[in-house]
Amino acid sequence: MTSSHWLLILVLAIAAFAIRVTGLLAGNRIKASRHVWMLDDLPGLIIVSLIAASLAGEPLHMWMAAAAALGVAIATNHVIATMCLGVAAFVGLSLILG
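Everything quoted here is computed from the prediction, not taken from an experiment.

Engineer: Can you explain the overall build of the protein chain? Please cite residues and give values.
Structural biologist: Of regular secondary structure, the protein chain possesses 4 helices and 0 strands. When the helices and strands of the protein chain are listed from N to C terminus, the series reads α-α-α-α. Relative to the globule expectation of 13 Å for 98 residues, the C-alpha radius of gyration of the protein chain, 21 Å, shows a markedly less compact shape. Here the protein chain, with 98 residues, has 10% of them falling under the buried criterion. Within the structure as shown, the protein chain displays about 7,800 Å² of accessible surface, and the carbon and sulfur contribution to it stands at 77%.

Rendered as structure tokens:
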């Protein structure tokens, strides 16, 4: 490898470290502020935003399977049951609706 490759690796390593340190410092500042409630809700918000972005532009049977999975999640609060029933709903609806 050339020196430019090593320089790129070094710069990317420093950038990755800086991102982690910045996140740690920001998290500590939020923990000490009145906005600490955001850290409690953040994992759920991230999951919801990922699911919403994934569902955008999907056919109706995908939305129906997601609604079934949501119903199971609310009723049972069990991750494995939610995943299994969501997949089963998707497969069943895909076979029925095409």
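So, next bit.
Engineer: Which residues make up the confidence of the model for the protein chain, and what values do they have?
Structural biologist: In regions of low pLDDT, the predicted coordinates are not meant to be interpreted in detail. Averaged over all residues, the pLDDT of the protein chain equals 91, while 100% of them reach at least 70. Between the elements of the protein chain, mean pLDDT differs from a low of 87, seen in helix α2 (residues 37-55), to a high of 95, seen in helix α3 (residues 60-76).

Engineer: Please give an account of the environment of Val-72 that cites residues and values.
Structural biologist: Mapped onto the elements, Val-72 comes out in helix α3. Under the relative-accessibility criterion, Val-72 is labelled buried at 14%. Separated by 16 residues in the primary sequence, Val-72 and Ala-56 have C-alpha atoms spaced 21 Å apart. Setting aside its immediate chain neighbours within four residues, Val-72 contacts Asn-77, Ala-81, Thr-82 and Leu-85.

Engineer: Which residues make up the side chain of His-61, and what values do they have?
Structural biologist: Mapped onto the secondary structure, His-61 falls in helix α3. Looking at His-61, the relative accessible area reads 13%, which means it is buried. Within polar-contact distance, the side chain of His-61 engages the side chain of Ser-94 at 3.5 Å. Contacts of His-61, omitting those with residues within four sequence positions, involve Phe-90, Leu-93, Ser-94 and Leu-97.

Engineer: Explain the side chain of Thr-82 to me, using residue names and the numbers behind them.
Structural biologist: With respect to the helices and strands, the residue Thr-82 is situated in helix α4 (residues 79-97). Classification of Thr-82 as buried rests on a relative accessible area of 16%. In terms of polar contacts, Thr-82 uses its side chain to reach the backbone carbonyl oxygen of His-78, at 2.8 Å. Those residues in contact with Thr-82 that sit more than four places away from it in its chain are Ala-69, Val-72, Ala-73 and Thr-76.

Engineer: Tell me about a nonpolar patch on the surface, residues and numbers included.
Structural biologist: Residues Leu-42, Ile-46, Ile-47, Leu-50 and Ile-51 make up a contiguous nonpolar surface patch of roughly 440 Å² in combined accessible area. Residue position: Leu-42 is located in helix α2. What makes Leu-42 partly exposed here is its relative accessible area of 39%.

Basis of the calculations
One numbering rule holds for all chains: residues counted from 1, following each sequence as written. Restriction of local features to residues with pLDDT of at least 70 applies here, the model being predicted, together with a cutoff of 80 or more for giving and counting side-chain atom pairs; totals for whole chains, interfaces and linings are based on all residues. Remark: hydrogens and water are excluded; side-chain values derive from all non-hydrogen atoms of the structure. Only DSSP runs of H or I with at least four residues qualify as helices, and only runs of E with at least two residues qualify as strands; both kinds are numbered from the N terminus onward. For the radius of gyration, the atom set is restricted to C-alpha positions; the globular benchmark scales as 2.2 Å times the number of residues to the power 0.38. For every residue, the accessible area (1.4 Å probe, protein chains only) is compared with the maximum for its type, and the residue is labelled buried under 20%, exposed over 50%, or partly exposed between those bounds. Per-residue and other accessible areas were derived by the Shrake-Rupley procedure at a 1.4 Å probe size, with only the shown protein chains allowed to occlude residues. As a per-residue measure, pLDDT reflects the predictor's confidence and takes values from 0 up to 100. For this analysis, residues touch if any pair of their heavy atoms sits within 4.5 Å. Here a polar contact is recorded for every N or O atom pair within 3.5 Å, except that within protein the pair must consist of a potential hydrogen donor and a potential acceptor, and residues adjacent in sequence are included only if both atoms are side-chain atoms. Patch construction takes residues with relative accessible area above 30% that form no salt bridge. Like charges are linked within 9 Å, and nonpolar side chains (Val, Leu, Ile, Met, Phe, Trp, Tyr) are linked within 5 Å. Each reported salt bridge corresponds to a side-chain nitrogen of Lys or Arg within 4 Å of a carboxyl oxygen of Asp or Glu.

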